[in-house]
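This is what each chain is made of:
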Amino acid sequence: AKGDMGQDETKPEERQRAPISGGATLPELPGLAARGLCMGTADVVPGVSGGTMALILGIYSRLILAIKSIDKTAATHLLSGRIPELLDHVHWKFLAAVVCGQAAGIAFFTTVVPLPTLIQSHPELVYGLFFGLIVGSIGILGRSVVNAGLNGARIAAGVAGLLFGLGVVNLIRTETPEAPWFVFLAGCVSICAMILPGISGSFVLLILRKYAYVLGALGQVIHPGEAGRVEPFLTVVLPFACGC
């Protein structure tokens, strides 16, 4: 769409991207991995969503399209042995770069900076850090809404989101099971929150009382102590990953 002055007024997110084999070009991969690193860091922090970070960094729409590329057509190519067609259809380059960056961010904040341990030994400082990051993300998203112009529908959506958030915060106040089946369910719920801007998967784990438990087990798998890495992998990390 062009205005009177001949300028393109189409919003960036509405422009159609030309199909790219694998979903990304080789020069894009380092930048995508860096964005994935930021997303992984955000995923570890309760209250800051990896989806919010993807939105801020400008790859949210591409991330959703990449996930959607793993569909019925991809399964048909795989089962039929048409590997070139499969690699051309699935945005595997994009996903590989982002996921590798996310893994690096999560590993950093579970081993080098052990948030699961710090949240128990220094809760006030860690929660203060989380609170500051949440306020910062609110400012960025709020600025986008204000720039777009406030109207009744946007104000109502904001109030509805606030009420939903307050409801989520008060869902569970008691201890929850540490059985693999519950860890699996926690993975199912938290991954949905991780992909949505505005609600954090780690915050959902915190509500479910499984934040320190899951991330602590992941830290043991990466850097095993005397207990080894097999038990935490089989009883915590694997069920959580399957749920995700």
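See the structure printed just above.
Predicted model only: the values in this text are computed from it and were never measured. (Residues numbered from 1 in each chain as written. Predicted model: local features only at pLDDT ≥ 70, side-chain atom pairs only at ≥ 80, totals over all residues. Heavy atoms only, no water.)

Visitor: What should I look at first to understand the overall build of the protein in this one?
Guide: Looking only at helices and strands, one finds 13 helices and zero strands in the protein. Element order for the protein, N to C, with α for helix and β for strand: α-α-α-α-α-α-α-α-α-α-α-α-α. Within the protein, the fraction of its 244 residues that count as buried is 30%. Here the analysis covers contacts within the protein between residues at least 6 apart in sequence; of these, 68% occur between residues at least 24 apart. (Helix = DSSP H or I, 4+ residues; strand = E, 2+ residues; numbered from the N terminus. Buried < 20%, exposed > 50% of the residue type's maximum accessible area, 1.4 Å probe, protein only. Contact = heavy atoms within 4.5 Å.)

Visitor: Teacher, can you tell me more about helix α1 (residues 29-44) here?
Guide: Residue pairs three or four apart in sequence face the same way in an α-helix, which turns once every 3.6 residues. Helix length check: α1 (16 residues) gives 22 Å between terminal C-alpha atoms against 22 Å at 1.5 Å per residue, within 8%. All of the buried residues along α1 are Leu32, Gly36, Met39, Gly40, Ala42, Asp43 and Val44. (Expected span 1.5 Å × (residues − 1).)

Visitor: Whenever I open this one, the layout of surface pockets confuses me. Can you help?
Guide: Where empty space is left can be seen by rolling a probe of water-molecule size over the atoms. Of the volumes computed, that of the largest pocket is approximately 1,200 Å³. Every residue lining the largest pocket is counted, 32 residues in all, and those nearest its centre are Ile138, Leu141, Pro197, Gly198 and Ile199. Of all the secondary-structure elements, those providing two or more residues to the lining of the largest pocket are α2 (50-56), α8 (123-148) and α9 (152-169). Broken down by element, the residue count for the lining of the largest pocket peaks at 11 residues, all from α9. In terms of residue class, the lining of the largest pocket is built from 20 nonpolar, 11 polar and one charged. Quantified by volume, the second largest pocket comes out at close to 790 Å³. What lines the second largest pocket is a set of 29 residues, among which Asp43, Ile106, Ile191, Met194 and Cys244 lie closest to the centre. Looking at the lining of the second largest pocket, the elements that each hand over two or more residues are α1, α2, α3 (60-68), α6 (92-112), α10 (180-195), α11 (201-207), α12 (211-222) and α13 (230-243). Looking at the lining of the second largest pocket, the element that brings in the most residues is α6, giving seven residues. Here the lining of the second largest pocket is built from residues that sort into 24 nonpolar, four polar and one charged. (1 Å grid on protein atoms, 1.4 Å probe; cavity = no way out; pocket = protein on both sides within 12 Å on 5 of 7 lines; lining within 4 Å. Points joined across faces, edges and corners; volume = space filled by probe spheres on them. Nonpolar A, V, L, I, M, F, W, Y, C, P; charged D, E, K, R; others polar.)

None of the figures reported here should be taken as evidence of function without further support.
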